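Listed below, chain by chain, are the residues.
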Amino acid sequence: MSPLYRIISLAALSTLLAACATVPKPLQGNFAPITTASVQQGSTANGTQVRWGGSIISTEPSQNATCFYVLSRPLDDEARPVAGDNSNTQGRFVACRPGFYDPEVFKPGREITVTGAVQGTVSRKVGDYDYAYPRVEADVVYLWPKRPVVVGYPYGPGWYDPFWGPYWGPYWGGPYWGGWGWGGWYSPRVIVVRHR
């Protein structure tokens, strides 16, 4: 293999990998690397721009705005909350944005990422505990599509292909199959809310 071919191959692979981990355009920008804990402790100035995400606890519309109470999680390279259980939570926060957003769409458990300015904290009961929710005045509320759930193989556990064997080779089984669907490429809907 020639050196030029190797360089071209590595460049193509790097481009492909970068494309796989691209932050959606509405969530791009420069944000302070601060946590909800630093806001709770009062060490973050109001107006600081943040990008936080997690799982929705509740969505509460009022007359002028909708507030999203969120169980915070770290974000991955795409600015999506890291998958997994809630053991890696970073606390809670509330993000509010003008307008009505339907709680039946923004349901508990759905993943969102928000960008906006920190505006102190809001005290709210969690059980009998007074919890100080860091508050974000949201510019963008990005609702992620549901993650695919792979329950089994399309032909059942007893299906066997003599070429690939019982596990369908490296791509057909497991997480690679779940998001595509039978009718070709499948692209779930994503809802992005921005200031005009």
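Located above this text is the structure these notes cover.
Quick summary incoming for the structure in this document.

Scanning all chains against the criterion turns up 8 aromatic pairs. Seen in terms of ring centroids, Y131 and Y133 are 5.0 Å apart; in terms of plane orientation they differ by 70°. Their pairing is edge-to-face. Through a chain of ring-to-ring contacts, the aromatic side chains of Y69, Y129, Y131 and Y133 assemble into a single cluster. It is R124 that lies over the ring of Y69; its NZ or CZ is 4.1 Å from the centre.

Sheet topology places strand 3 (residues 92-98) next to strand 5 (residues 129-143); 3 bridges connect them, and they run parallel. Its bridge partner lying in strand 5, C96 is registered against E137. With antiparallel pairing between neighbouring strands as the criterion, strand 4 (residues 111-126) and strand 5 make up a hairpin whose turn holds 2 residues, including G127 at a positive phi of roughly 65°. Inspection of the sheet shows strand 5 paired to strand 6 (residues 191-194) by 4 bridges, in the antiparallel sense. Each bridged residue has a counterpart across the sheet, and for Y142 the counterpart in strand 6 is V192.

Before going further, it helps to spend a moment on unusual backbone geometry. Excluding glycine, a negative phi dihedral is what most residues carry, and trans is how most peptide bonds are arranged. Phi angles above zero are rare outside glycine, and A79 is one such case at about 70°. Tracing the backbone through its elements, the reader meets A79 in the loop between strand 2 (65-73) and strand 3.

Once that is clear, we can look at the state of the cysteines. Enumeration over the complete set of coordinates arrives at 1 disulfide. For C67, the disulfide goes to C96, at an S-S distance of 2.0 Å. Residues C67 and C96 are joined by a disulfide whose S-S torsion is about 110°; by sign, that bridge is right-handed. Taken together, the residues span a long stretch of sequence, with C67 in strand 2 and C96 in strand 3 at a distance of 29 residues. Of the two residues, C67 and C96, both sit in the buried class.

Here the second largest pocket is characterised by a volume of approximately 260 Å³. Those elements that place two or more of their residues in the lining of the second largest pocket are strand 1 (49-61) and strand 2. The greatest single-element share of the lining of the second largest pocket, amounting to 3 residues, is contributed by strand 1.

Summed over the entire model, instances satisfying the criterion amount to 7 salt bridges. One salt bridge in this structure joins K125 and D130, with 3.3 Å as the shortest N-O distance. The exposure class assigned to D130 is partly exposed, which follows from its relative accessible area of 46%. Put simply, E137 and R135 hold a salt bridge, and the shortest N to O gap is 2.0 Å. Residues joined in a network through salt bridges with shared partners are R73, R80, E111 and R147.

Among the structural elements, T36 can be located in helix 2 (residues 36-40). Overall, the relative accessible area of 2% leaves T36 in the buried class. A distance of 2.6 Å separates the side chain of T36 from the backbone oxygen of Q90, its partner in a polar contact.

Within the element layout of this structure, T44 appears in the loop between helix 2 and strand 1. Given a relative accessible area of 13%, T44 falls into the buried group. Distance from T44 to V118, taken between C-alpha atoms, is 8.1 Å for residues 74 residues apart in sequence. Setting aside its immediate chain neighbours within four residues, T44 contacts I34, S38 and V39. A polar atom in the side chain of T44 sits 3.1 Å from the side chain of S38.

So, how was this worked out
- Numbering of residues starts from 1 in each chain and follows the order in which that chain's sequence is written.
- With the structure being a predicted model, the display of local features is reserved for residues of pLDDT at least 70 and the display and counting of side-chain atom pairs for 80 or more, all residues being used for whole-chain, interface and lining totals.
- For side-chain calculations, the full set of non-hydrogen atoms in the structure is used, while hydrogens and water are omitted.
- Note on aromatic pairs: the rings of Phe, Tyr and Trp (six-membered ring only in Trp) are paired at centre separations within 6.5 Å, and the planes decide the class, stacked below 30 degrees, edge-to-face beyond 60, tilted for the rest.
- Put simply, a charge is over a ring when the Lys NZ or the Arg CZ is close to the ring centre, within 6 Å, and near the line of the ring normal, within 35 degrees.
- For two strands to be treated as a pair, DSSP must find at least two bridges joining them.
- Runs of H or I in DSSP of at least four residues are treated as helices and runs of E of at least two as strands, each being numbered from the N terminus.
- A pair of sulfur atoms, both from cysteines and within 2.5 Å, is called a disulfide here.
- Burial classes follow relative accessibility: with a 1.4 Å probe on protein chains only, a residue under 20% of its type's maximum area counts as buried, one over 50% as exposed, and anything between as partly exposed.
- A cavity here means a set of points on a 1 Å grid, drawn over the protein atoms and nothing else, where a 1.4 Å probe fits but cannot get out; a pocket is an open set with protein on both sides within 12 Å along at least five of seven lines, and a residue lines either one if it has an atom within 4 Å of a point.
- Grid points are joined across faces, edges and corners, and a volume is the space filled by probe spheres set on the points.
- The term salt bridge refers to a pairing of a side-chain nitrogen on Lys or Arg with a carboxyl oxygen on Asp or Glu at a separation within 4 Å.
- Whenever a nitrogen or oxygen atom comes within 3.5 Å of another N or O atom, the pair is scored as a polar contact, on the condition that within protein one atom can donate a hydrogen and the other can accept it, and that pairs from neighbouring residues in sequence are kept only if both atoms are in side chains.
- Residue contacts follow a heavy-atom distance rule, with two residues in contact if any of their heavy atoms lie within 4.5 Å.

By themselves, these observations are geometric and do not establish any function.
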